[in-house]
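Observations on the model geometry
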Amino acid sequence: MDPNKYKKNADIRPDSLLQTLASVGSMVLMLIGILGIATEFFREDSWIGDLFSYLFKSTGTMLLIPLIAFVLWLLNRWISSPNSDKKKKSGNLPMYLMMAAGAYYAFKFVAG
């Protein structure tokens, strides 16, 4: 057993107040985005409900579902890192998209 196995972590410092506030702000924006999309989904005459009703309208349009699943699988392969120890910058793309949705719904709520 190596007595200095934690020595590599000796120079790790805690986040600053600004980094902590930025993290809390991004989390709040993501939660607002999730809530906004959920309310949009369950609202009457919403574009998400219209999309699902279009997809399940007929057998021909239901064939788009495997195509959408394949595109989402390709997106996951593009975003995911091949190694568990290496992190890709594109892995943050879903978080940034949800933060953008949160900013949109927060502006929509404040503007009225």
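An account of the accompanying structure is given in this report. Remember, it's a predicted structure, so these values are computed and weren't measured experimentally. (Residues numbered from 1 in each chain as written. Predicted model: local features only at pLDDT ≥ 70, side-chain atom pairs only at ≥ 80, totals over all residues. Heavy atoms only, no water.)

**Side note on the overall build of the protein chain**
Within the protein chain, the regular secondary structure consists of 5 helices and 0 strands. The order of α-helices and β-strands along the protein chain, N terminus first, is α-α-α-α-α. Long-range pairs, those at least 24 residues apart, make up 46% of the contacts in the protein chain between residues at least 6 apart in sequence. With an accessible surface of roughly 9,600 Å², the protein chain has 69% of that area assigned to carbon and sulfur atoms. (Helix = DSSP H or I, 4+ residues; strand = E, 2+ residues; numbered from the N terminus. Contact = heavy atoms within 4.5 Å. Areas by Shrake-Rupley, 256 points an atom, 1.4 Å probe, with all protein chains shown as cover.)

**Observations concerning the packing of aromatic side chains**
Per the counting criterion, the structure on display carries 4 aromatic pairs. Taken together through their ring pairs, the aromatic side chains of Phe41, Phe42 and Phe52 make up a single cluster. (Phe/Tyr/Trp six-rings, centres within 6.5 Å; stacked < 30°, edge-to-face > 60°.)

**Observations regarding the packing of helix H1 (residues 17-42) against helix H2 (residues 47-55)**
Between H1 and H2, the least distance of the axes is 6 Å, while the angle of their chain directions is 55°. Regarding the angle of H1 to H2, the classification is oblique. Residue-level contacts link Ile37, Glu40 and Phe41 of H1 to Trp47, Ile48 and Phe52 of H2. (Axes fitted to C-alpha atoms, helices over the stretch in contact; angles between N-to-C directions. Parallel < 35°, antiparallel > 145°, perpendicular 65-115°, else oblique.)

**What about the side chain of Ser46?**
Take Ser46: it is sitting in the loop between H1 and H2. Reaching out from Ser46, the side chain makes a polar contact with the backbone oxygen of Glu40 at a distance of 2.8 Å. Contact partners of Ser46, with chain neighbours within four places excluded, come to Glu40 and Phe41. (Polar contact = N/O pair within 3.5 Å; in protein donor to acceptor, adjacent residues only side chain to side chain.)

**Focus on unusual backbone geometry**
Phi is mostly negative for residues that are not glycine, and the peptide bonds are mostly trans. Residue Asp45 is not a glycine yet carries a positive backbone phi of 60°. Take Asp45: it is sitting in the loop between H1 and H2. Overall, the relative accessible area of 65% leaves Asp45 in the exposed class. (Buried < 20%, exposed > 50% of the residue type's maximum accessible area, 1.4 Å probe, protein only.)

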